[in-house]
Amino acid sequence: MPKLLLILVLNGMLADPSPALDNGVRVNLDPRDDSGQTGLATLIPAGEKTRVVIDLSGAPEKAQSASIHLGRCDALGSSARWILKPLREGRSITLVPASIDTLVKQQAAISVRGSGKQSPVACGNISG
């Protein structure tokens, strides 16, 4: 019995604690307007919803807005379809009321805007 317990404990310790991305999507966030801000958005399935985690490097200390728009980065729709939680120190985590399948099929893009800026400082197209 102790050997079985040891095997179970070690197996749990060696398992990757991060969520599996077998059904997830990674979105590269590329800089816009020479902002120098780059990063990664990770979309993780959560039932009929999607957890969107944004990590942006080169971000200022001030909060930045983020949203998901219909369309691609080179032709974003005029209004955001889903508003994400503001980035604080380059990080944001939001639970969006749409599945990953919906986000991919809508041909959506994640846009990050600087404080008081209308144009994106970083953007990435969602694709499956």
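Before reading on, note that the structure itself is shown above.
Residues numbered from 1 in each chain as written. Predicted model: local features only at pLDDT ≥ 70, side-chain atom pairs only at ≥ 80, totals over all residues. Heavy atoms only, no water.

S.K.: Tell me about the pairing of strand S2 (residues 38–46), residues and numbers included.
M.R.: Note that strand S1 (residues 25–31) and S2 share five bridges and pair antiparallel. Following the sheet pairing, Leu 29 is matched in S2 by Gly 39. Count of turn residues in the S1/S2 antiparallel hairpin: six residues, of which Asp 33 carries a positive phi of about 50°. Two strands pair when backbone bridges link them, and S2 and strand S3 (residues 49–57) are joined in this way by nine bridges, in the antiparallel orientation. Counted as the bridge partner of Ala 46 is Lys 49 from S3. Two successive antiparallel strands, S2 and S3, enclose a turn made up of two residues, where Gly 47 displays a positive phi of approximately 70°. (Pairing = 2+ DSSP bridges. Helix = DSSP H or I, 4+ residues; strand = E, 2+ residues; numbered from the N terminus.)

S.K.: Report on the nonpolar core, specifying residues and quantitative values.
M.R.: Formed by 23 residues in total, the largest nonpolar core has its most connected members in Leu 43, Ile 54, Ile 68, Ile 110 and Ile 126. Looking at this core, the elements that each hand over two or more residues are S1, S2, S3, strand S4 (64–70), strand S5 (80–87), helix H2 (100–105), strand S7 (108–113) and strand S8 (120–125). The residues touching Ile 126, leaving out its near neighbours within four places in the chain, are Val 25, Val 27, Leu 43, Ile 68, Arg 72, Leu 103, Val 104, Ala 108, Ala 109 and Ile 110. (Core = buried A, V, L, I, M, F, W, Y, C linked by side-chain atoms within 4.5 Å. Buried < 20%, exposed > 50% of the residue type's maximum accessible area, 1.4 Å probe, protein only. Contact = heavy atoms within 4.5 Å.)

S.K.: Tell me what's going on with the environment of Pro 86, and back it up with residues and numbers.
M.R.: Looking at where Pro 86 falls in the secondary structure, it is placed in strand S5. Overall, Pro 86 belongs to the partly exposed group, its relative accessible area being 39%. C-alpha separation for the pair Pro 86 and Gln 64, spaced 22 residues apart in sequence, amounts to 5.4 Å.

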